[in-house]
Amino acid sequence: MQYERFIGQVQHLARLATTEHAVTAIRATMTTLALRLTPEEVAHLAAQLPREIAFYLRSAPLGPE
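For the structure given in this document, a descriptive report is provided here.

Rules used in this analysis
- Residues numbered from 1 in each chain as written.
- Predicted model: local features only at pLDDT ≥ 70, side-chain atom pairs only at ≥ 80, totals over all residues.
- Heavy atoms only, no water.
- Phe/Tyr/Trp six-rings, centres within 6.5 Å; stacked < 30°, edge-to-face > 60°.
- Buried < 20%, exposed > 50% of the residue type's maximum accessible area, 1.4 Å probe, protein only.
- Helix = DSSP H or I, 4+ residues; strand = E, 2+ residues; numbered from the N terminus.
- Contact = heavy atoms within 4.5 Å.
- Axes fitted to C-alpha atoms, helices over the stretch in contact; angles between N-to-C directions.
- Parallel < 35°, antiparallel > 145°, perpendicular 65-115°, else oblique.
- Nonpolar A, V, L, I, M, F, W, Y, C, P; charged D, E, K, R; others polar.

1. A word on the packing of aromatic side chains
Overall, the coordinates contain one aromatic pair when judged by the stated rule. Measuring from ring centre to ring centre gives 6.1 Å for Phe55 and Tyr56, while their planes differ by 65 degrees; the resulting arrangement is edge-to-face. Accessibility expressed as a relative area gives 12% for Tyr56, which makes it buried.

Structural data, given as structure tokens:
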């Protein structure tokens, strides 16, 4: 899925007013997930996301080993 479409889907499904709100929600979600997933799980999930969103996963502090 392309970045713009991903952001648009999140904005629509979460009923957010702006794309900036959608990006903030995505970043918070990806950061939280990264804290709870193993590094292998983070890598697997990141490989399935647009690179701009995968960045949030990869730049978060590491979760459980």
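2. Digging into the side chain of Gln11
With respect to the helices, strands and loops of the structure, Gln11 is situated in helix α1 (residues 3-14). On the accessibility criterion, Gln11 (19% relative accessible area) is buried. Those residues in contact with Gln11 that sit more than four places away from it in its chain are Leu16, Ala17, Thr18, Thr19 and Ala22.

3. Observations regarding the packing of helix α3 (residues 39-46) against helix α4 (residues 51-58)
Interaxial distance between α3 and α4 falls to 9 Å at its minimum, and their mutual angle equals 170 degrees. By the angle class used here, α3 and α4 are roughly antiparallel. Between α3 and α4, the residues in contact are Val42, Leu45 and Ala46 and Ala54, Leu57 and Arg58, respectively. Partitioning the contact of α3 with α4 into residue classes produces five nonpolar, no polar and one charged.

By themselves, these observations are geometric and do not establish any function.
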